[in-house]
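Secondary and tertiary structure notes
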Amino acid sequence: MVKNGAAQQIPLDLALRPAHGMEDFLIGSSNAEAIAWIDRWPDWPAPLLVISGPAASGKTHLAAVWGEKTGATLINPDMLARHSAEDLAAKGERLVIDGIDLWIGDLEAETTLFHLYNIIREERRSLLVTSRMNPTQSDFVIADLASRFRAAPLATIKAPDDLLLGSVLIKLFSDRQLLVGNEVISYILPRMERSFLAARDIVENADKMAYARKRGVSIPLIRQVLTDLQSDLS
């Protein structure tokens, strides 16, 4: 299997931003809006910012970037059903709730979140929330909470373009010390689902297959990886 440190075969017009310590966050047109909101703090027009996007799109990374920038405290979403708003508010001046999707629709959790929002607003603090679902498409139980979330600034992470998706593939391969050529990336891009999650699955399966076969990552190997992944979905 061919191994190497960093793949640099495709010129990247992308910025790198640290997240989770040693990891890098790739910035492209699909997530530029969300990045702009992170950089705009503390000049937010509301106490709440919602970052929405699909799985593995970088929401948690951005939350970590903002948390590092502001010293924010991370609150697990299930704590909304186990703690009072006052207890959660006492954890810090700035708070992050990463992944609230499963708790929208739960009366107890929404009640806590509603009261927490009011504390944050009254005391001029900041709250960042991430969700796979857009607040306008979420079924809230508490109408007042729904109105506050739907009025808050929303940073939507969109489907990645070829430049960002190709860069993500290169980074994922490089993280596993796999050297791939331009032709492999060019083969993958038009044949894959347009998501970061799909990119992660492709690279993970390619790594396993290359190791098992004691071969490098080539177009025939990727063809088999994509075929296997497609079969798993059918």
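Our structure is the block above this text.
Computed from a predicted structure; not experimentally measured.

Here we take up the packing of aromatic side chains. This structure, assessed with the given rule, holds 3 aromatic pairs. Judged by centre distance (6.0 Å) and plane angle (90°), the rings of Trp41 and Trp66 are edge-to-face. Of this pair, Trp41 sits in the loop between α1 (32–40) and β3 (48–52) while Trp66 sits in helix α2 (residues 59–70); the two residues are 25 residues apart in sequence, bridging distant segments of the chain. The exposure classification of Trp41 matches that of Trp66, with both residues buried. On the numbers, 5.3 Å between centres and 15° between planes, the contact of Trp44 with Trp66 is stacked. Here Trp44, found in the loop between α1 and β3, pairs with Trp66, found in helix α2; they are 22 residues apart in sequence, far enough to count as distant. Take Trp66: its relative accessible area is 0%, and that puts it in the buried class. Three or more aromatic residues joined by ring pairs make a cluster, and in this case those are Trp41, Trp44 and Trp66. Taking the ring centre of Tyr187 as reference, the NZ or CZ of Arg191 above it sits at 3.8 Å. Sitting over the face of the ring of Tyr211, Lys214 holds its NZ or CZ atom 5.8 Å from the ring centroid.

This brings us to the pairing of strand β6 (residues 126–131). Burial of β6 is extensive: 6 of the 6 residues sit out of reach of the surface. Judged by which residues are buried, β6 turns out to be covered on both faces: Ser126, Leu128 and Thr130 on one side and Leu127, Val129 and Ser131 on the other are all buried. As paired strands, β3 and β6 are joined by 5 bridges and run parallel to one another. Counted as the bridge partner of Val50 is Val129 from β6. Pairing between strand β5 (residues 94–98) and β6: 5 bridges, direction parallel. Residue pairing for β6: Ile97 is matched across the bridge by Val129. With helix α4 (residues 107–122) bridging β5 and the parallel β6, this β-α-β connection has right-handed handedness.

Note that an α-helix has 3.6 residues per turn; residues three or four places apart therefore point the same way. Considered for burial, the residues of helix α5 (residues 143–151) that qualify are Leu145, Ala146 and Phe149. Buried residues along α5 cover an arc of 100° about the axis, so they all sit on one side. For α5, the exposed residues lying more than 90 degrees away from the buried face are Ala143 and Ala151. On its buried side, α5 packs onto β3, α4 and β6.

What counts, and where the lines are drawn
- Residues numbered from 1 in each chain as written.
- Predicted model: local features only at pLDDT ≥ 70, side-chain atom pairs only at ≥ 80, totals over all residues.
- Heavy atoms only, no water.
- Phe/Tyr/Trp six-rings, centres within 6.5 Å; stacked < 30°, edge-to-face > 60°.
- Helix = DSSP H or I, 4+ residues; strand = E, 2+ residues; numbered from the N terminus.
- Buried < 20%, exposed > 50% of the residue type's maximum accessible area, 1.4 Å probe, protein only.
- Lys NZ or Arg CZ within 6 Å of the ring centre and 35° of its normal.
- Pairing = 2+ DSSP bridges.
- Right-handed = clockwise from strand over helix to strand, strands pointing away.
- Arc of directions from axis to C-beta.
- Contact = heavy atoms within 4.5 Å.

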